[in-house]
Structures are given as C-alpha cells and as structure tokens.
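Survey of secondary and tertiary structure
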Amino acid sequence: FAQLRNKDASNLSPFLTGNNQVKILHITLGTEGAQAFEELLTKQTYDACVISVPDDYHFEYSKICIEQNVPPLVVKPLTPTLKEAQELIELQEKH
C-alpha cells in the first residue's frame, strides 16, 4: 500500500468486499468504491478489471465485466470448468 500512496490512483476503484485491506485502500487513496460489483463498473469507464477472487467466482465476475464491455484480466485458472471458460469466450466474441 505504501507504493500506491505515491502513485496517481485517480483511476483505481476498489470493490468493497468486507476485506479490511480493500477498505483501507479505499480510504487512503480517496477513490470511489461500491457496494456491488455491477455498481462499480457503471461509475466510470475502465480499460480493464483485474479479477483476483477465489476460483469459484471467476466466471461470475468475468461475465459481468464482459457484459459491461470491460475486459477482465483473470488470475488462473480462468474458470473452474471448461464449460464456463467456453461460455466466457463465446460471450466475449459477441461483445
């Protein structure tokens, strides 16, 4: 967090998940957070969204990003199942 304090964080919008570190980042950087992931994506335009949550949520959050035309950058694995990964790829091709 110390490194982030010295950077221009005007384009960071943390999603408040109840994690104290995320709340601290929100307060320290003065960025605008949200109570729901969908709400966060509608507050401003984003170049991309880093999806770094437990694997079982990769599909859910990636799908929301794609539907909002925000490219998801997902830590591996992309999804827990091949079927979900294929669905995300097909959805991305439509957007």
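Residues numbered from 1 in each chain as written. Predicted model: local features only at pLDDT ≥ 70, side-chain atom pairs only at ≥ 80, totals over all residues. Heavy atoms only, no water.

What to know about helix 5 (residues 82-94)
Applicable threshold: Secondary structure elements are defined from DSSP: runs of H or I of at least 4 residues count as helices, runs of E of at least 2 residues count as strands, and each element is numbered from the N terminus. To estimate the expected span of a helix, count its residues, drop one, and scale the result by 1.5 Å. Remark: exposure states derive from per-residue accessible area (1.4 Å probe, protein chains only) relative to the maximum for the residue type, with buried under 20%, exposed over 50%, and partly exposed in between. The reported arc concerns the directions from the helix axis to the C-beta atoms and nothing else.
Over its 13 residues, helix 5 runs 19 Å from end to end, which matches the ideal 18 Å to within 8%, given 1.5 Å per residue. Here helix 5 has its buried residues at Ala-85, Leu-88 and Leu-91. Looking down the long axis of helix 5, one finds its buried residues gathered within 125° of arc, a one-sided arrangement. Facing away from the buried side of helix 5 by more than 90 degrees, the exposed set consists of Leu-82, Lys-83, Glu-93 and Lys-94.

Comments concerning the confidence of the model for the protein chain
Quick reminder of the rule: pLDDT measures the predictor's confidence residue by residue and takes values from 0 up to 100. The contact definition used throughout considers only heavy atoms, calling two residues in contact when any of these lie within 4.5 Å.
In the predicted model, the protein chain carries a mean pLDDT of 74, and the fraction of residues at 70 or more is 63%. When pLDDT is averaged over each helix and strand of the protein chain, the minimum, 43, is found for helix 1 (residues 2-5) and the maximum, 94, for helix 5. Between residues 1-7, whose pLDDT stays under 50, and residues either more than four places distant or in other chains, the model counts seven contacts. Taken together, the stretch residues 21-28 has pLDDT below 50 and engages in 17 contacts with residues farther than four places along the chain or on a different chain.

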